[in-house]
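Each chain, letter by letter, is given below.
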Amino acid sequence: MPSSNIHDEKLLILDFGSQVTQLIARRIREIGVYCEIWPFDADVEKLKAFNPQGIILSGGPESTTKEGSPRAPQWVFESGLPVLGICYGLQTMAMQLGGKVQGSDKREYGHATVKLLASCPLFDGLSDHEGEKSLDVWMSHGDKVTKIPEGFVTVGSTETCPYAIIYDAKRRFYGMQFHPEVTHTKQGGEFLKRFALDICKLHGLWSPKAIIEDAVKRIREEVGDHKVLLGLSGGVDSSVTALLLQKAIGRQLTCVFVDNGLLRLNEGKQVEAMFAGMDLNFVYADAEDRFLDALKGISDPEAKRKAIGKTFIDVFADEARKLKGVDFLAQGTIYPDVIESAAAKTGKAHVIKSHHNVGGLPADLKFKLVEPLRELFKDEVRRIGMELGLPKEMVMRHPFPGPGLGVRVLGEVKKDYLELLRRADAIFMEELRRDGWYEKVSQAFTVFLPVKAVGVMGDQRSYDYVVSLRAVVTVDFMTARWAQLPYELLGRVSNRIINEINGISRVVYDISGKPPATIEWE
């Protein structure tokens, strides 16, 4: 009989520095299993105390052939738990257990076909080619295993990688040179599902409904009858945080929404309409003038971010001081914030990036923190938002930077620039949705360029501002490619912006990838 506690069943992912380690965790969570990412050199006693039912060793950029390169704690192989090594994880497992790894004359990067040579419970009955025992996978490696440890068998190989899959049935050790977590490996999700549910004997307790029930219970235990203050931005994270807190403690919660004047078209009114009628205390702080005053004469992007951040803290603190008896500050910190802020060499995963929080509050405002989302990835937060009844168009909205339109107006921010940008961006979003492209791209937005270009409107010469459209496709936002939107769609957006907005004479489309560019312009 499985436990009713969704944290009792879990997998441990040891991170060796791969850019897609978080993707492994997301895939495991999608299966319905809780997991956590820990650095490869975390304290072994803490790993034991975590008490996982299985271990996954991630990929990484290092070479196991180099002295001092990362190794898995020996406890991993002595614990009696099932172990899955992916890419670098396979190589370090092979080397630590007596096998050999060496550099390859030919790097293997991209699609590959693995021929299945022996039975293995992760792959039995699976094939991507009719009449053949073979799988389409995604490789990204230079080194390769050249000798497997005693007790292992070769399950699969490619033309350049003789030990693409290895397996020790007795110890339940599995290794694959390819990446099952990426979508290019067609049946990667099935491999991971079999490892989690069949090999590790887990039951898939991790579901949106169960996560909500657990979060509500824990909030009530942590907060008791105390009051909680939340800085509500209207974004997905803070909105879901608000709904979880409201469900748990009702009117013990006060949400302060700071309208900084840097929001999208009608966004402030939409947030107010959504939350003002709920069983909670809602405070709307109209601070547009304070933010615009703070931004006067500032063109440098980092200086703008600091001015916006400081002003937000000042406004939020002013509102907080008006409230009596508040002991807790709620924040929408999510799991990637925790991971990315952890010092990999110490395993300390509790230092959060300041720009994700209401950090730096004055000394007279001393709050305890409550962070209901700190275990969750963004896609999990979205699913919980849907389960809690948030509108789909709000839950699935593209990422929006903390400084808002303050970093989408290049250079100095002015009120008339913001008005032009809001209207242009609203047209872009409307047309993307109409043609079904909003859901296909990962992020889209408009940038205001404070330069003027000559145009012709009717029989008159015009001399007005330029905006750039930006749309990207990405899996992890670490890298991104520009979205190849249809010319017809781009032309329609351009015509509407120029014809409907007095003050814009030219529309361009940004075709820069990341890298070398960043997704946002500032």
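All of these numbers come straight from a predicted model, not from anything done at the bench.

Asks: Looking at this structure, how should I read the overall build of the protein?
Replies: Helices and strands together make up the secondary structure of the protein, namely 15 helices and 18 strands. Since a compact globule built from 522 residues should have a radius of gyration of about 24 Å, the 26 Å found for the protein is in line with a globular shape. Once the C-alpha set of the protein is aligned to its principal axes, its extents read approximately 75 × 65 × 40 Å. When burial is assessed residue by residue, the protein has 55% of its 522 residues classed as buried.

Asks: Can you walk me through the packing of helix H6 (residues 208-223) against helix H12 (residues 378-387) in this structure?
Replies: Any two packed helices are characterised by the angle at which their axes cross and by the distance between the axes. Direction vectors running N to C along H6 and H12 enclose 85 degrees, while the axes themselves pass 9 Å from each other. Between H6 and H12, the interaxial angle falls into the category roughly perpendicular. Only Arg383, Ile384 and Glu387 of H12 make contact with H6, whose side of the interface consists of Pro208, Lys209, Ile211 and Ile212. When grouped by side-chain class, the residues that make up the contact of H6 with H12 number four nonpolar, no polar and three charged.

Asks: What exactly am I supposed to notice about unusual backbone geometry here?
Replies: Generally, phi is negative for residues other than glycine and the peptide bonds are trans, each holding for most cases. The omega torsion across Lys514 and Pro515 is -15 degrees, close enough to zero to call that bond cis. The residue after Pro515, namely Pro516, is reached through a cis peptide bond having omega 10 degrees. Residue placement: Pro516 occurs in the segment after strand E18 (504-509). Although it is not a glycine, Cys87 sits at a positive phi angle of roughly 55 degrees. Of note, Cys87 is situated in the loop between strand E4 (83-86) and helix H4 (88-96). Unusually for a residue other than glycine, Asn266 sits at a positive phi of about 65 degrees. Along the chain, Asn266 turns up in the loop between strand E11 (253-259) and helix H8 (267-275).

Asks: What exactly am I supposed to notice about the pattern of salt bridges here?
Replies: Pairs can form between side chains of opposite charge once their charged atoms are near each other. Evaluated as defined, the whole model comprises 31 salt bridges. Note that Arg218 is salt-bridged to Glu375, the shortest N-O span being 2.9 Å. Remark: Glu375 occurs in the loop between strand E14 (368-370) and H12 and Arg218 occurs in helix H6; sequence separation between them is 157 residues. With a shortest N-O distance of 2.9 Å, Arg496 and Glu430 are connected by a salt bridge. Taken together, the positions of Arg496 in helix H15 (residues 487-500) and Glu430 in helix H14 (residues 415-434) put the pair 66 residues apart, joining distant regions of the chain. In this structure, a network of salt bridges that share partners links the residues Glu430, Glu431, Arg434, Asp435, Arg492, Arg496 and Glu500.

Asks: So what exactly am I meant to see when it comes to the packing of helix H1 (residues 21-31) against helix H5 (residues 188-199) here?
Replies: The interhelical angle for the contact between H1 and H5, taken along N-to-C directions, is 65 degrees, at an axis separation of 10 Å. Taken together, the axes of H1 and H5 lie roughly perpendicular to each other. Two packed elements cross with a definite hand, and for H1 against H5 that hand is right-handed. On the side of H1, the interface is formed by Arg27, Ile28 and Ile31, while H5 contributes Gly189, Leu192, Lys193 and Leu197. The class makeup of the residues in the contact of H1 with H5 is four nonpolar, one polar and two charged.

Asks: What's the story with the packing of aromatic side chains in this structure? I'm lost.
Replies: What describes a pair of aromatic rings is the distance from one ring centre to the other and the angle between the planes of the rings. A complete count under the given rule lists 17 aromatic pairs for this structure. Note on Phe178 and Phe191: the rings are 6.1 Å apart at their centroids and 65 degrees apart in plane angle, and the pair reads as edge-to-face. Taken together, the positions of Phe178 in the loop between strand E9 (173-176) and H5 and Phe191 in helix H5 put the pair 13 residues apart, joining distant regions of the chain. Summarising the burial analysis for this pair, Phe178 and Phe191 share the class buried. Between Tyr417 and Tyr465, the ring centres sit 5.3 Å apart and the planes meet at 70 degrees, which makes this aromatic pair edge-to-face. Of the two residues, Tyr417 is situated in helix H14 and Tyr465 in strand E16 (residues 460-473); the sequence distance between them amounts to 48 residues. For the pair shown, Tyr417 and Tyr465 are each scored as buried. Site record: aromatic cluster; members linked through ring pairs are Phe16, Phe40 and Tyr88.

Asks: When you look at the confidence of the model for the protein in this model, what are you seeing that I'm missing?
Replies: Do not read the fine detail of predicted coordinates wherever pLDDT is low. When pLDDT is averaged along the protein, the result is 92, and 95% of the positions lie at 70 or above. Here residues 343-357 is modelled with pLDDT under 50, and outside its nearest four sequence neighbours on either side it reaches 29 contacts, counting other chains as well.

Asks: Sorry, what's going on with the nonpolar core here?
Replies: Soluble globular proteins tend to bury their nonpolar side chains together. Counting residues in each nonpolar core, the largest one holds 53 residues, and the members touching the most others are Phe428, Leu432, Phe448, Leu469, Ala471, Leu485 and Ile497. Per element, the largest residue contribution to this core is nine residues, and it comes from H14. Taken together, domain 2 (208-396) and domain 3 (416-509) each give at least three residues to this core, which thus spans both. When sequence neighbours within four positions are dropped, the list of residues in contact with Leu485 reads Phe428, Leu432, Trp437, Val441, Ala471, Leu490 and Tyr509. Among the nonpolar cores identified, the runner-up in size contains 42 residues, and Ile13, Val33, Ile37 and Phe195 belong to it.

Asks: Would you mind showing me how to read the domain arrangement of the protein here?
Replies: Interfaces are often sized by the amount of accessible area the parts lose when they come together. Domain annotation for the protein reports domain 1 (10-199), domain 2 (208-396) and domain 3 (416-509). One C-alpha centre belongs to domain 1, the other to domain 2, and the line joining them spans 38 Å. At the junction of the two partners, domain 1 supplies 11 residues and domain 2 supplies 13 residues. When the area that domain 1 buries against domain 2 is broken down by residue, the three leading residues are Gln22, Arg26 and Arg29, summing to 46%. We note a salt bridge from Arg29 to Glu380, for which the minimum N-O separation is 2.6 Å. In this structure, the connection of domain 1 to domain 2 is made through four residue pairs in polar contact (both at pLDDT 80 or more).

Criteria and cut-off values
Residues numbered from 1 in each chain as written. Predicted model: local features only at pLDDT ≥ 70, side-chain atom pairs only at ≥ 80, totals over all residues. Heavy atoms only, no water. Helix = DSSP H or I, 4+ residues; strand = E, 2+ residues; numbered from the N terminus. Rg over C-alpha atoms; globule rule 2.2 N^0.38 Å. Buried < 20%, exposed > 50% of the residue type's maximum accessible area, 1.4 Å probe, protein only. Axes fitted to C-alpha atoms, helices over the stretch in contact; angles between N-to-C directions. Parallel < 35°, antiparallel > 145°, perpendicular 65-115°, else oblique. Contact = heavy atoms within 4.5 Å. Nonpolar A, V, L, I, M, F, W, Y, C, P; charged D, E, K, R; others polar. Salt bridge = Lys/Arg side-chain N within 4 Å of Asp/Glu carboxyl O. Left-handed = near helix turned anticlockwise from the far one by under 90°. Phe/Tyr/Trp six-rings, centres within 6.5 Å; stacked < 30°, edge-to-face > 60°. pLDDT = per-residue confidence, 0-100. Core = buried A, V, L, I, M, F, W, Y, C linked by side-chain atoms within 4.5 Å. Domains from an automatic or database assignment. Buried area = accessible area lost by both parts, 1.4 Å probe. Polar contact = N/O pair within 3.5 Å; in protein donor to acceptor, adjacent residues only side chain to side chain.

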